[in-house]
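# Chains, contacts and geometry: an overview
The primary structure of each chain is shown beneath.
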Amino acid sequence: MVAEKESETETPPIHRARPKPRPIVQLGIFLISHSLLFSVVFSTAGVLALLLLPVLAKNTYISENALMPGSVAPMLSNQEVAEANRLVKDLTSSNSKPLASAIGSQRLISQYMSNLGAEVSHHKFHPQLNQFHPLHFFSSPDSGRVEQNISCALHGVNTVGIIRAPRGDGKEAIVLVTPFNSVKLNQNEALSLAIAYSVFSLLTRVPWLAKDVIWLVADSQFGEYSGVAAWLRDYHTPVFSGLGTLDAEMCPESNNIYGLNENLSIKRTIYDGFKRAGTMAAALVIKVADRSEQYEDSLSIYAEASNGQMPNLDLINIVNYLAVHRQGLRVKVEKFWPLLGLKWLKTLGEIFESLGHLARSVNPQWKFGIPAADYIEGSATLASSLYYQALGVPTGPHGAFRDYQVDAITLEIFPKVSSLDNKVRQNDFLLRSGRLIEGVIRSVNNLLEKFHQSFFLYLLTSPGKFVSVGVYMIAFALLVAPLPMVAASLYVDASNSDYSLKIDKPAPFANASDEPCITLKSWKWLFAAKKVFFVHLWGSVVSLLPYFICQIPSCTPTTSFIIWVFLSILSLVVMYIVLASPSSHANESQPQRGEWAILKSVTLSAAFIGLCLMSVINFASAEIGGLLMVPMCLMAHPLKLDVKARSIRTVSRVVYNLVLGFIGFPPVAFIVLKGAFEGFSGVNVGDFWSWVESLWAWNSATYLYIGMVYLPCWVLCIHVLFHRC
Amino acid sequence: MALPLLLLRPILLLSFLLFAPILNFKAALGSVTEEDFSEELLLRPLPDRKVLAHFHFRSRAPHTSSNGRHHHLFPKAISQLVQKFHVKEMELSFTQGRWNYDRWGGFDPISSNNAKPPGVELWAVFDVPLEQVDDSWKNLTHALSGLFCASVNFLESSTTYSAPEWGYRPAPGSLRYGTLPREAVCTENLTPWLKLLPCRDKAGLSALMDRPSIYKGFYHSQRLRLTSSEFESEEGASGIVLQQTLTVVVQPDSERNVMSYSHETKLQPSWSLTSIFGRMVTGRCVLAKSSTIYLQLDRGLVGQLDYLQKENELSSADKSVYEGFSSNPGFELSVKPDRVLKELNGFEKKTPSVVYEFYIEKYSESRPFDLGLTWKLPVVWSCQKAPLHASRFLMGSGNERGAIAISLRSTEVSDEFLHTDMSEGRCKLEVKVFQVVPWYIKVYFHTVRVYVNEQPQEVSDVVEKMRVSPSVDKVSPGVMEMVLKFPCGMKSAAITLEFDKGFLHIDEYPPDANQGFDIPAAIISFPNFHTSMQFFTDKSVDRSSILSKFQENNAVLAYTEVLLVPLTTPDFSMPYNVITITCTVCALYFGSLLNVLRKRVGEEERSSKSKATKETGRLRQLLSRVSAKLRGRPFEPPQPPSNSSSFISSKLILFILVAGIAVFWQVYFG
C-alpha cells in the first residue's frame, strides 16, 4: 500500500516539493528498497549475535532474598549417614534373596519411613503406553489419561512418605524424588535412596520445617519418568469412579505389600489410599550416577522440561551456590561435546578474547570478552541447552513436575572413582550430598511465596552464567527480520512490474519480463495465498498421518517411515489434483512471470508468522528452525531463470539452492546432523521415525512445528525452485 | 517476711477449703450468685509418643441485674464486650499447627471442641435485631483485634465472614463466622489472653506456661469461649461464663536413644511436668475456686492396659487399671491420685476411659507438684477416630480453573458402629459439610459431584439438604452448607466442586500475592455421633468444668485442611515501568511539540533560500550528498544553521538529556 502510494506520487512531474512521507514510512520504504543488502546484514548479524551469546552471558545471582541459601550450618550429621548406611546394607541384603525381592525392598523402605514417624502410603500405577494422540498437544496433562486394558503384570508401586511440618499449616509441600527400580536394585540407586533417607530422617526432627516434605520413591521399572508422572497425575487429577477397586480385584498379588506386614503398628501406619500434602513448592530429583568422576565428586543439573520450559533460575542458583561454595562439589550442566573440538569456534573465541582485551585497553570499565576456553565451553553448553529445549523432551523425571507448574530439577551426583569401595569415602560422599539437599530444602522452606522472582526464560552457558530472554531474542529477531522485508520488496516489485511499461524502473528480480499481462493486480496475491494455505493444510495432514500408521501392527521404524513418506506424497498429489487445479488453470494458460515472486513473498510471510508463533511457544526450536529455514526461504529462486542467465552468480545460486533444498528436507537434515555429530556409521532412515515418535510421545510442540511450518515451507521453496516461468 | 507468709498460707488455704463447698452448692443450683474462677489441666498421653496438655480456665460472673457492673474476678474487658455488643455466644481461637485426627483422636470432646483450623477462627451469636448483626460483628472484630493484638479486624470486611444458617451451629440469622487462615500466632496473642485470668501466669496452673515449651509443640490452640445470658430477662440466668482453654500437644524430651529398626515397638517416652514444661506447679491460684490436674487415659489405652493386665497374671487378678495405679503393669505415676474416675460405659464393647484426679490445693511452694508418668511396658494403642476421615484437596493445575475435592473415608470406628446399627434396619450416616470459599474462587455449585464407594451417584440421592449462597464479587464469599446421607456400609466417598480462578484488581493483592490464596478449612460434622463422656461421679461434677464440658452432648466435628490456590498475579513492577516509560515519552513529546511551535514556516523557507546561497562546510555537504543518494533524490545543498535553529537544537539536546536521564534512572536504579 505504501509502495502504491509512492508510485502514484511519483508519476506527476515534480515542480514543487513533494509532501514528505512520515519518517517511519520513509524508513520502511528505505528498508524494502534495499532489502537485499539489509537481509544479508541482518541474517549475518543474527547468526553473529547467536555466536556472541556466550560472551554476553551474565553471572547468575540469587534474586529472591527469602531463600538465604547457606546462611546456617548444615545439621546433617554422621548419625543420619550411619542410619542411611544401614538402609543400604539392608536393601542389598534383601535384594540378594531373589524371591520377592521387589516387594521386600519396597516394604523395607516403607518400614524405615514409618519408623521415622512419617506417613507412608503406596501408590500403584500402570505405565502409560506411548501413543500418538493428535489432540493432546498443549492440553492439560489429565486429558492424556486413556483407559487401557491393564494387565496385572504391568504395574509399579511408588512408595510415598510424608513428613508433616510440626507447626506448619500444611498448605505447601516440598517433594524429594528418588527413582528406584525395586526389581533390579543397583548400587547407585541404593546410594540415592541413602542420601534421601538421611535428609528425610533429619527433617523429621528439625524444628524449622514450615512446609511438608514428601519423599517419593518412584518405581522406575518402566522408566524413571512414568512412575513420577503417574503419581503426579493421581495427585492432581484423581479419578474417583471405579478404576482403583478394579485393580485391587484383578491383581491379587499387589496386595502382598500390605498383607505381609506382620507388625500391627506398621500395618496401621501404612495405608493404601492416596496421601496428599498441599500445593507443591519445588521438587528435587536425586540420582547417583553409575559412572564416576575421576577427580572429585561432581554434580550435574538437568532442568529442561517438556517444550523447553525451564524451572525458575533461582532453584538452579541455590543448588549451584550450595554445591560450589558450601559442599565443594563441581557443578556441571550438560554440554554438547562435539562442539568442544571445533577449530573455527576456537578461532572465534580467540577473536572475541582479543576484542575484549582491546575494549579493556580503551576503557577499563568495559567488561567485554571472556577467555577463549570459556567461550568454547559456554557455546557447547549453550548449544546443548538450545538443543534440549528445542527437542521439547524432558531431560529427566523433573519434567513431569513442570506440567503442573512446579519448579523441579534433577540432580545427578557423580561420586569419585574410588569413593564407593571405601567406607569412609562413601560416608563422606553421603554427608556432602545430603547436606547439599538439606541446604536446598531449607532454602525452599524459607520461601514465603512460590518461585517467581527470577527468570523462567533463559539459556544456560555454564552453571553460573545465563542468557536471559531479553538478550537471546535479539539474535532471533535479527535472524527473522529479513523475511518480511524481502516478502514486501518481492511483492512491491511484482506489482510494479505490471507498470513497467509506464515507469522505467526495473525490478531487481523480475527483469526477465518480455510481455506484460493484465490481470487484477491487487488480487493476484490471493492465488498464491491459497496455494500456500493448501500446502500448510497438507502439512497438518502429514503430521496427523502417524496416528494411522501407528495402528498398523508390527511395523519396523523403517517401514513406517517409508509408508509415511509414501502417504504424504500421495496426499500431496491428491490435494494438488483436487484443489489446486481450478485455480491454476488460468495461470497454466498464461504462466506469469511475476507469479513465483508473489508466491515466494507469501511463503516468506507464512514462514515469518510461523517462526514468530513458535518463538513464543518454544524459543529454542524456533531459533534452530530459523537457522535452517531463513537461508532456504530467502535464497529460493526459480532454477529455470538462473539456468537461462548463466552467469557465475546465478550458477552459484543454483548450486546453493539445490544443496539447501536437499539438506532442508527434514529427514535429510536430521540424518546429516546426526551423522555430523555421531558419525555416519549407524545412521538409518528408521531413526528419523523413532525420533519423531519420541517427539509426539512427549507432546513436543517441535513436532507440530516441523509438520505444520517447516515442511510446508520447504515444499513451497522447492515449488519456487522448480517453477516454470 | 517469709515466715509470716508461710504461716498465713495454711490459714488462707483452710479458709478456701471451708468456703469451697458453699460455692459448690451454689453453683450446683445452676445460677451463680457470686463470681468464681476455676483452673484445670488435663494431660493425656497420645499414641504417637506425644502428650496432650489441655488447660481450662473458667470464670463466671452472675447476671448484672443481681450483681451490678463491678467485678472482682471476672475480666472487665470481656464483660464490657458482652454489654456493648450484646454478644450471646462467642468463640475466638488462635491456632498454630494442625490437629492430627488420625493419631490424636477425633471422637472425644477435646478434638471436637478444641481442635481448630490454623490461624484465627471467630464466631459469634448476637442478641440484637437481625439488621444490626453485621454492625455488631464489625465492632466486635475491632474490639477483639485491640484486645488480643491480632489482625482480627480483617474479619470486618464482608468478603471474609459469612452467616451460616444451620451448617455450623443452629442460630439462624444472628450467627457470624469468619476465619483468617494466615494469621500467625505467637506470645503477643497469649499475653493478653493470660491477662484475663485473675492470677495471670504468676500463680496456679498457668504458671506452667513456659513460652518456649508451649510454642515448641506440635499443636497449639488458644481459645476463648464466651456464653452469656445477660440479655435474657429470665430469672436465674447464669450470667456470663468465660472459658479460656489452651490446648498443646508436646513431645516429651526423651533423649534420642539408639534408633531401633527392629520390628519390636518402642517404649513410650516417660514424662513429667518438669520435662514437658520445665516447671512444676507451686500451688494453686489462690483466687481459684478449684485447681485440679487430670490425667486421662484413652479408651484404647485402657483397653490395652487391661489386656496387658490379663496377660501378666502375676499380680492379683481383681486389680484393674482404674483401681490401683501402683500395681499397674503398664506405667507408674509419681504421685498418688486423689481420685480415680471411670467413664460410665456408653458402648458395651468399649473399655471405659479413666481419669486420675489430683488436687493442687495440697501443694505449695515448699512442696511443689510434679506429676510424672513412667512407662514400664511398651504399649501400642490408637485413639478413637471420627466416623469418617475427611480430607480436602485441590485438583487440576494451571491458572485457569480447578476443583475442590472433599474425600471421606471410613475408619474402623465407624465400621463397628455402623454395622451394629445396620442390624437394626435401614441406617444412614449423616454428614454435615460447611464450607466458605472466597469470592475470587468462583465455585460452580451446579458441578457438585458425589461419588460413593467410587461410583458416581445422583446428587439428589445423597444430598439431603443443601443451602448455597453464591459469592458476589468483592462483596461476599460463597457459602455452602450441605447435609449428606450416606449408606452405612460405605467405604469411601468424595465430593467435588469445580471452580474458576478469578482476577483481582491490582490493589487487592496482598503483599505476598505470589504465595497463593487460602481457602479456609471446611467443617465436617456428624450429627448422629456425639462426644459425650459421662464420668462416674456424684454431685460434685459441677466442681470440675472440664468434666462437665465432657458431658455435653456435642456432635463430632472435624476441620479439613486449609488449601492454597495459586492465582495469576500481575507483574507488580509493571506500573513502575509504565510510569518511567510514560515520563520518557512525555519528555520527548513536549520537546518536539515545542520545536514545532517555535518554528515558523515562512522563516524556514527564507532561511533555506539564504542557506542555499551560502557556502557550507565540505563535510556537511558530503554527508547530505550521501544521504540524498541513499534516499534517491536530487541533491540540494544544505542550509547553514540559523540562530533560531541552533536555539532549537540546544532545546532539543536538553530534552534528549532529560529523556536520557530518565532512561538511565530506569536502567540503573530500577
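Going by the structure above, here's the rest.
Below you will find a few notes about this structure. (Residues numbered from 1 in each chain as written. Chains lettered and ligands numbered in written order. Predicted model: local features only at pLDDT ≥ 70, side-chain atom pairs only at ≥ 80, totals over all residues.)

### Observations regarding the interface of chain B and chain A
- In this complex, chain B contributes 34 residues to the contact, which on the side of chain A involves 36 residues.
- Of the residues contributing to the side of chain B that touches chain A, the split by class is 15 nonpolar, twelve polar and seven charged. (Contact = placed C-beta atoms within 7 Å. Nonpolar A, V, L, I, M, F, W, Y, C, P; charged D, E, K, R; others polar.)

### Regarding the pairing of strand β9 (residues 330-333) of chain A
All names here are of chain A.
- Burial along β9 is one-sided: the face carrying Val 331 and Val 333 is buried and the face carrying Arg 330 and Lys 332 is not.
- Bridge analysis of strand β8 (residues 298-302) against β9 gives four bridges, and the strand direction is parallel. Among the inter-strand pairings, Ser 300 is bridged to a residue of β9, identified as Lys 332. (Buried ≥ 20, exposed ≤ 12 C-beta atoms within 10 Å, placed from the backbone. Helix = DSSP H or I, 4+ residues; strand = E, 2+ residues; numbered from the N terminus. Pairing = 2+ DSSP bridges.)

### Observations concerning the nonpolar core
- Counting 184 residues, the largest nonpolar core has Leu216(A), Leu284(A) and Cys633(A) as its most contacted members.
- Per-element tally for this core: the top contributor is helix α26 (residues 701-721) of chain A, with 16 residues.
- For Leu284(A), the contacting residues outside a window of four places in its chain are Leu176(A), Val177(A), Ile409(A), Leu411(A), Ile437(A) and Val440(A).
- Val87(B), Leu371(B), Val437(B) and Tyr451(B) belong to the second-largest nonpolar core, a separate cluster that totals 145 residues. (Core = buried A, V, L, I, M, F, W, Y, C linked by C-beta atoms within 7 Å.)

### Some details on unusual backbone geometry
- The phi dihedral of Asn699(A) is positive, around 55 degrees, even though this residue is not glycine.
- Topologically, Asn699(A) is positioned in the loop between α25 (685-697) and α26.
- Positive phi values are uncommon outside glycine, yet Arg200(B) reaches one of about 50 degrees.
- Residue placement: Arg200(B) occurs in the loop between α6 (187-195) and α7 (211-215).

### Here's the deal with the sheet that holds strand β11 (residues 331-333) of chain B
All names here are of chain B.
- As summarised here, the arrangement of the three strands in space is β9-β14-β11, forming an open sheet in which the pairing is antiparallel. In this open sheet, the two edge strands, each paired with only one partner strand, are β9 (271-272) and β11.
- Of the pairings in the sheet, the one linking β9 to strand β14 (residues 372-375) comprises two bridges and is antiparallel in character. Looking at β14, one finds that Ser 272 is bridged to Gly 372.

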